[in-house]
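# Per-entry structural report
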Amino acid sequence: MSKEPSKDSWTKALKALMPMTINRLQVNKGKFAYLDLSKKPITNLHIDDMQLTALNLANVQKTNKALPSHVSLTGTSIGGGQLKSDMDVNVLKEIPDLDLGMALKGSNLLSLNAFFEGNAKIDVERGNIDIFSKFTLKDGEMNGTLSPLSVT
């Protein structure tokens, strides 16, 4: 009889590996995709030509800085939008603390139609959108803004 997988947080497994530091993690021309097969129509969101740099990823607690790691990401979103994001984060918490800023400029709304239909029952016929967001997550509580500043 097989044992059920542990429901412990992933941070326990990470900390158990060994004390280590990843000074720099680099992804060049990567792709990130999110598929939700339970929605009708299927949600398929993705970032192409992704450039990601993550600095100071560590599993040894750093007491001198609340958010010791920095992650920057750029790429092309579904609909041809240009995505730029910067985040400071503490990845060692079960629910990580973070401070995130994000801008998505020039994304074609038609490409997001499946997402809108499956999640908000909205049908988009045309247009582009620019979205800006700034939020923090601290001790599991999220605060921030999401602003569609331009819809054309």
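For the structure itself, look to the data block above.
Throughout what follows, the structure given in this document is the object of discussion. (Residues numbered from 1 in each chain as written. Predicted model: local features only at pLDDT ≥ 70, side-chain atom pairs only at ≥ 80, totals over all residues. Heavy atoms only, no water.)

Scanning the chain for helices and strands turns up two helices and seven strands. Going from N to C terminus, the chain has its helices and strands arranged as α-β-β-β-β-β-α-β-β. Among the 152 residues that make up the chain, the fraction classed as buried is 30%. The long-range share in the chain, meaning contacts at least 24 apart out of those at least 6 apart in sequence, stands at 45%. (Helix = DSSP H or I, 4+ residues; strand = E, 2+ residues; numbered from the N terminus. Buried < 20%, exposed > 50% of the residue type's maximum accessible area, 1.4 Å probe, protein only. Contact = heavy atoms within 4.5 Å.)

A few words on a nonpolar patch on the surface. Taken together, Leu 35, Leu 37 and Ile 42 make up a surface patch of nonpolar side chains, about 300 Å² in accessible area. Checked against the element boundaries, Ile 42 lands in the loop between strand S1 (21–36) and strand S2 (43–58). Look at Ile 42 and you get partly exposed, because its relative accessible area is 43%. (Patch = residues over 30% accessible without salt bridge, like charges linked within 9 Å, V, L, I, M, F, W, Y side chains within 5 Å. Areas by Shrake-Rupley, 256 points an atom, 1.4 Å probe, with all protein chains shown as cover. Salt bridge = Lys/Arg side-chain N within 4 Å of Asp/Glu carboxyl O.)

Before going further, it helps to examine the environment of Gly 106. On the secondary structure map, Gly 106 appears in strand S5 (residues 97–108). On a C-alpha basis, the gap between Gly 106 and Gly 79 in space is 8.1 Å, while along the polypeptide they are 27 residues apart. Here Gly 106 is in contact with Gly 79, Gly 80, Gly 81, Asn 128, Ile 129 and Asp 130, once residues within four sequence places are set aside.

Moving on, we come to the pairing of S1. In this structure, S1 lies alongside S2, joined through 12 bridges in antiparallel fashion. Across the sheet, the residue bridging to Thr 21 is Ala 58, located in S2. Adjacent in sequence and paired antiparallel, S1 and S2 are bridged by six residues. (Pairing = 2+ DSSP bridges.)

Turning to the environment of Asp 86, a few remarks are in order. For Asp 86, the location among the structural elements is in strand S4 (residues 82–90). Placed 13 residues apart in sequence, Asp 86 and Leu 73 show a C-alpha to C-alpha distance of 6.5 Å. Those residues in contact with Asp 86 that sit more than four places away from it in its chain are His 70, Val 71, Ser 72, Asp 99, Leu 100 and Gly 101. Only 3.1 Å separates the side chain of Asp 86 from the side chain of Lys 84, close enough to count as a polar contact. (Polar contact = N/O pair within 3.5 Å; in protein donor to acceptor, adjacent residues only side chain to side chain.)

With 21 residues, the main nonpolar core has Val 71, Leu 73, Met 87, Val 89 and Leu 98 as its most contacted residues. Those elements giving two or more residues to this core turn out to be S2, strand S3 (69–77), S4, S5 and strand S6 (128–138). Sort the elements by how many residues they give to this core and S2 lands first, with five residues. Contacts of Val 89, omitting those with residues within four sequence positions, involve Leu 67, Pro 68, Ser 69, Val 71, Pro 96, Asp 97 and Leu 98. (Core = buried A, V, L, I, M, F, W, Y, C linked by side-chain atoms within 4.5 Å.)

A word on the pairing of S4. In terms of strand pairing, S3 meets S4 through eight bridges, oriented antiparallel. Among the inter-strand pairings, Val 71 is bridged to a residue of S4, identified as Met 87. In sequence, S3 turns back onto S4 through a hairpin of four residues, with Gly 79 there showing a positive phi of about 85 degrees. Between S4 and the antiparallel strand that follows it, S5, lie six residues.

A full pass over the atoms with the stated rule returns five salt bridges. We note a salt bridge from Asp 48 to Lys 31, for which the minimum N-O separation is 3.6 Å. Separated by 17 residues along the polypeptide, Asp 48 in strand S2 and Lys 31 in strand S1 bring together distant segments of the chain. For Asp 48, a relative accessible area of 24% puts it in the partly exposed group. Relative accessible area serves as the criterion here: at 56%, Lys 31 is assigned to the exposed category. Put simply, Lys 84 and Asp 86 hold a salt bridge, and the shortest N to O gap is 3.1 Å. Overall, the relative accessible area of 30% leaves Asp 86 in the partly exposed class. Through salt bridges with shared partners, a single network forms among Lys 93, Asp 97 and Asp 139.

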